[in-house]
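# Close look at the chain arrangement
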Amino acid sequence: MPLREVEIEPTYSRPYKVVIGDCCIRKLPELLRDVVSEVDKVVIFIQESVKDLSPTQELVELLKELYETYTKIVVAGESAKDINNVLDAVGFLHSINATKSTLIIGVGGGALGDFVGFVASIYMRGLPLILVPTTLLSMVDSAIGGKNAVNMFGIKNVVGTIYQPRLVVEDLRYVYTLPEREFCSGLAEVIKYGVTIDPEILNLLRVRGDKILQREPETLTELIERSVKCKGWIVHLDEREERDVRQILNYGHTVGHAVEACAEGKLTHGECVMIGMIVESDLGNRMGYTDPDVHDVLLKLAETYKLPHKIPNYVSKESVLSKIEHDKKRYGNIIKLPVVKRPGEFEIIKLELMRLLSYLSNLLDEYYEK
Ligand SMILES: NC(=O)c1ccc[n+]([C@@H]2O[C@H](COP(=O)([O-])OP(=O)(O)OC[C@H]3O[C@@H](n4cnc5c(N)ncnc54)[C@H](O)[C@@H]3O)[C@@H](O)[C@H]2O)c1
């Protein structure tokens, strides 16, 4: 199957390519020459869980033949984003005498990507960065658009920057080794693009469920390519969230992030986004913005793709409301809430925080497992 390429043209930063396909990592050494002119060394940060996978080993071997190459293994999961890891990485880069010509490559899921993106953006005010996302979620979402963040004082994503990569390489072979739960978690972000921007994605999710769950390469490629285009379109319109457009990528995330923060790592990001979209579509409907079909479509897709539609009872309603009250997407006492009118049509509404909390205080009761 030929490789697919999507060009991302952010509002301000330089454009870059996202290359998608089986074995496309083998092209990385060739592709990098077009995007980084002088390379004195390469540092590859690798999420521990993917270090022994063949695409990762191929990449390391290929680069070692061409450049002075260092590899740094980073702990898997959210712990990668601990600020102390950032300090360690800065120390490591200094110890190998990294310069503005040192290329940073990040191989891993969204957590690794957020960590490495942050490190690349702050070291000497920015080193060239290439991302190799290895989860479906990071391929369709976090590796594109430049947002990164790390955790500090126990607060998730409390410090971060917007720093675009020079290139993103998405080798489908990584998707085949994902545990089913992680794969379905990534589908939640795909569902988000379908409901907010590209209804053809919803169509694919509805009619090709079996092929998607079997991770059939052609269907996967189409889903990933369409999702990347959705994200690219938003980043083109509003790279820095200044025009009330990029907020649409947070659809389902107001409730989703709050649930995630209270679930103590027991739910994945995608699972929380799915719950969040289900609650927020109902909220949008009750506030008169959202066609009731949207909620029904989401419930059906959650069932097909083994994603939750209820908040587990160990997550207290009070703690969820308190997290929303301190949401970092607040502007004073206003929350900009993305709402969907019907699939593919969205709006960003400004809602007083207290009003949102009072709506949710009643609504959330309906979303607990009985
Ligand atoms: N920057 C953004 O725009 C953005 C957007 C969405 C999410 N995020 C962040 O992304 C993170 C979640 O990302 P994620 O869902 O990719 O989680 P993750 O990076 O924690 O990876 C999920 C799990 O899959 C494993 N894994 C990764 N690749 C694998 C592979 N190919 N085969 C087998 N196992 C593999 C990992 O070790 C981990 O245990 C969160 O920290 C979230 O805040 C950032």
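Residues numbered from 1 in each chain as written. Predicted model: local features only at pLDDT ≥ 70, side-chain atom pairs only at ≥ 80, totals over all residues.

Within the structure, the ligand sits among 30 residues, and S49, A76, G109, G110 and S142 are positioned closest to it. If you list the elements that add at least two residues to the shell around the ligand, you get α4 (110-122), α5 (136-142), β7 (147-152) and α7 (180-196). Among the residues making up the shell around the ligand, the classes are represented as seven nonpolar, 17 polar and six charged. Residue-level mapping places the shell around the ligand at the junction of two domains, with at least three residues from each of domain 1 (4-176) and domain 2 (180-367). (Near = placed C-beta within 6 Å. Helix = DSSP H or I, 4+ residues; strand = E, 2+ residues; numbered from the N terminus. Nonpolar A, V, L, I, M, F, W, Y, C, P; charged D, E, K, R; others polar. Domains from an automatic or database assignment.)

Attention now goes to the pairing of strand β12 (residues 345-352). The pairing of strand β11 (residues 334-342) with β12 spans eight bridges and is antiparallel. Within β12, the residue paired with V340 across the bridge is F346. Between β11 and the antiparallel strand that follows it, β12, lie two residues; G344 among them carries a positive phi value of about 90°. (Pairing = 2+ DSSP bridges.)

Partitioning the protein into structural domains gives domain 1 (4-176) and domain 2 (180-367). If you look at the interface, domain 1 gives 29 residues, while domain 2 gives 28 residues. Secondary-structure elements contributing two or more residues to the side of domain 1 that touches domain 2 are β1 (4-8), β2 (16-21), α5, β8 (155-162) and α6 (173-176). The element best represented in the side of domain 1 that touches domain 2 is α5, accounting for five residues. Along the lines of polarity and charge, the residues of the side of domain 1 that touches domain 2 split into 15 nonpolar, seven polar and seven charged. (Contact = placed C-beta atoms within 7 Å.)

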